[in-house]
Amino acid sequence: MIFTIAARELRSLFLSPLAWAILAVTLFILAYLFLTQIETYIGLQPRLAAIDGAPGVADIVVAPLFADAAVVLLLITPLITMRSISEERRNRTLSLLFSAPVSMTEIVIGKYLGVLSFFLILLALLALMPLSLLVGTDLDLGKLAAGLLGLTLVVAAFSAIGLYMSSLTEQPTVAAVTTFGLLLLLWIVDWAGTTEATGSSTLAQLSMLRHYEPLLKGLFNSSDIAYYLLIILLFIGFTIRRMDATRLQH
Amino acid sequence: MSSQALVHVEHLTRYYSQNCAVNDVSFDLARGEVLGFLGPNGAGKSSTMQIITGNLAPTAGQISIAGLDLLEQPKQAKREIGYLPEQPPVYRELTVDEYLLYCARLNRIARSRISAAVSLAKERTGLGDTGRRLIGNLSKGYQQRVGIAQAIIHNPAVVILDEPTVGLDPLQIREIRALICELGKEHGIILSTHILPEVQATCTRVQIINRGKLVFSDSTAGLQSRMNATAMIAGFHTTPDLAALQQIAGVERTEALSDKRVRIHYGDSNPAEALIEQSVAQHWRLHELTPECRTLEQIFIELTCSEEHTQSGGNSQ
């Protein structure tokens, strides 16, 4: 049942030109970033060859690419998630789901997975870029996998937040703006921590960026994974509660 | 199952903050019944329907669908419900076939029966050759049909239609009414409408709701007998004895309206002729004789416009 709803969600995304446009623009920008990183690497290569244990292509090309990709995703997630619930609310199609024999949890998780699958497609296409380097160089696949996992978790957390914001309002644009605001806040919230040079402050712990950087370096830290999983569960839980509340009051 | 009510609603109440939208509504719906829900705007028709279909939680009260409690076993109960809200809940970007396929899956129809269910629903609602068209490009009437197809696709025990004929052309209205009558043979149907003749054309039972309260509930046949002229008002200059009037052949009941006017209820045979003869013979000096013929509209207005009439209307039942 969850997958039926997810498949419909994904299909509707691809039936609108918005998803295609976002996919094309994002991949174009990321491909450009990828090529500039390759250029940097080629420039550095003669010097790197002389150093023992020098950073490899995964550090010089993949890590910066994925770091930039997270910022690009921060900009486009609100555009993809904004319509998922708010538009159904506006078009009054939610009653189709409400009067069908499915629970609210199934509806919300289905919608979430639909949105997430879109981003997984985007990430798969993105992953092809560094993988193409396998043809000519040695690529540290472990680091690539860690980076990809990190990016997946980041975008999964973004989508959960976006879905919740979309459940709050009937206006897709309002959902987009609030999602963007919250994501940006969570991204930069550690700036306060770093200026005081207290890396372990509470605010820094809340920052998404803080938990993403270790994964880009290839450090798999269970507390970072737990952070993202908590964010995802929290906002999916909020969304389910919010949807239940629409039945209770108007 | 057949002896059991398909829909059983008990003391249903719903408040929107301080505003009481549905006030202590109770009713039953049996298989083979088409229940018409009438009421002015904002009377609580749509709210009641939303509550029965699980789109809205009641403040108090119990609902069971085919013996399953809607609040305790929502999933099982909702399998037995098909619901068409005021605005058909269609995705404009899908084609009719894609949409109905999605609805079939959503309602947990077995994989092997899905395509048969989709084509049956399309056939019943006259959507035969629109399968590959986008719903967004269809006319309002066809979108409405898609909405009805969605409500009946999983062959539910209860079909709830909120103003199903709004926006349809007269021909389509006739087709939809015929469809409702046909569906009513094997399902229980609740439909709400503003159009009074529609109720007479399609429903077996009528309920009128006003300000959240159920003010009238009777079969269409019962309603018909209320509407037929089964009474007349006679005015006399010399008021006769009511007992004497009662003696006239055909008179069932008499009711003094004032000291000069009497309402005479009668059965199958019209006693007007006999009354006139008696009047001449006994010098009652009859000067007025008006058959009382009420339309559904009059009953509706009577029940929904004034509280006193509501009371007396309910009592004379």
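Keep in mind the model is a prediction, meaning the values are calculated, not measured.

Colleague: Could you give an account of the overall build of chain A, with specific residues and numbers?
Modeller: Along chain A, the regular secondary structure elements total 12 helices and 0 strands. Listing the helices and strands of chain A from first to last along the sequence gives α-α-α-α-α-α-α-α-α-α-α-α. Projected onto the principal axes, the alpha-carbon positions of chain A cover approximately 70 × 45 × 25 Å. A buried classification covers 38% of the 250 residues belonging to chain A. Look at the contacts in chain A between residues 6 or more apart in sequence, and 78% of them connect residues 24 or more apart.

Colleague: Describe the interface of chain A and chain B, listing the residues and the values that go with them.
Modeller: Many authors give the size of an interface as the accessible area that is lost as the parts come together. Counting residues at the interface gives 18 residues for chain A and 23 residues for chain B. Take the side of chain A that touches chain B: its biggest share by element is 4 residues, from helix α1 (residues 2–15) of chain A. For the side of chain A that touches chain B, the per-class residue count stands at 7 nonpolar, 8 polar and 3 charged.

Colleague: An account of the domain arrangement of chain B is requested, with residue identities and associated values reported.
Modeller: For chain B, the assigned domains read domain 1 (7–217) and domain 2 (229–292). Computed from C-alpha atoms alone, the centre-to-centre distance between domain 1 of chain B and domain 2 of chain B is 47 Å.

Colleague: Got a sec to walk through the packing of helix α3 (residues 57–81) of chain A against helix α7 (residues 141–168) of chain A? Specific residues and values, please.
Modeller: Residue and element names in this part refer to chain A. α7 packs onto α3 with a crossing angle of 15 degrees between their chain directions and a minimal axis gap of 9 Å. Considered as vectors, α3 and α7 are oriented roughly parallel to each other. For the element pair α3 and α7, the recorded crossing hand is right-handed. Facing α3, whose interface residues are Ala 58, Val 62, Ala 63, Phe 66, Ala 69, Ala 70, Leu 73, Leu 74, Thr 77, Pro 78 and Thr 81, α7 presents Lys 143, Leu 144, Gly 147, Leu 151, Val 154, Val 155, Phe 158, Ser 159, Gly 162, Leu 163 and Ser 166. Considering only residue class, the contact of α3 with α7 consists of 15 nonpolar, 6 polar and 1 charged.

Colleague: Let's hear about helix α2 (residues 17–50) of chain A: which residues, and what values?
Modeller: Residue and element names in this part refer to chain A. For α2, which comprises 34 residues, the first-to-last C-alpha distance of 50 Å matches the rise-based estimate of 50 Å (1.5 Å per residue) to within 8%. The sharpest bend along α2 reaches about 50 degrees and sits at Leu 44, with the proline Pro 46 one to four residues further on. Leu 30, Phe 34 and Gln 37 are the residues of α2 that are buried. Tucked inside the fold, the buried residues of α2 contact α3 and α6 (104–131).

Colleague: Quick rundown of the pairing of strand β2 (residues 19–29) of chain B? Include the residues and the values.
Modeller: For a regular strand, side-chain orientation follows a simple rule: the groups alternate between the two sheet faces. Residue and element names in this part refer to chain B. Both strand β1 (residues 7–16) and β2 contribute to a ladder of 7 bridges, which runs antiparallel. Note that in β2 the partner of Tyr 16 across the bridge is Asn 19. With antiparallel pairing between neighbouring strands as the criterion, β1 and β2 make up a hairpin whose turn holds 2 residues, including Ser 17 at a positive phi of roughly 45 degrees.

Colleague: Any chance you could break down the packing of α6(A) against helix α12 (residues 222–248) of chain A for me, citing the residues and the numbers?
Modeller: All names here are of chain A. One can describe the packing of α6 onto α12 by two numbers: an axis separation of 9 Å at closest approach and a directional angle of 130 degrees. When the interaxial angle is binned, α6 and α12 end up oblique. Note on packing geometry: the crossing formed by α6 with α12 is right-handed. Contact with α6, carried on its side by Met 104, Thr 105, Ile 107, Val 108, Ile 109 and Tyr 112, involves Ile 236, Thr 239, Ile 240, Met 243 and Asp 244 of α12 and no other residues of that element. Counted by class, the contact of α6 with α12 contains 8 nonpolar, 2 polar and 1 charged residues.

Definitions and limits used
Residues numbered from 1 in each chain as written. Chains lettered and ligands numbered in written order. Predicted model: local features only at pLDDT ≥ 70, side-chain atom pairs only at ≥ 80, totals over all residues. Helix = DSSP H or I, 4+ residues; strand = E, 2+ residues; numbered from the N terminus. Buried ≥ 20, exposed ≤ 12 C-beta atoms within 10 Å, placed from the backbone. Contact = placed C-beta atoms within 7 Å. Nonpolar A, V, L, I, M, F, W, Y, C, P; charged D, E, K, R; others polar. Domains from an automatic or database assignment. Axes fitted to C-alpha atoms, helices over the stretch in contact; angles between N-to-C directions. Parallel < 35°, antiparallel > 145°, perpendicular 65-115°, else oblique. Left-handed = near helix turned anticlockwise from the far one by under 90°. Expected span 1.5 Å × (residues − 1). Bend = angle between axes of the 7 residues up to and from the residue. Pairing = 2+ DSSP bridges.

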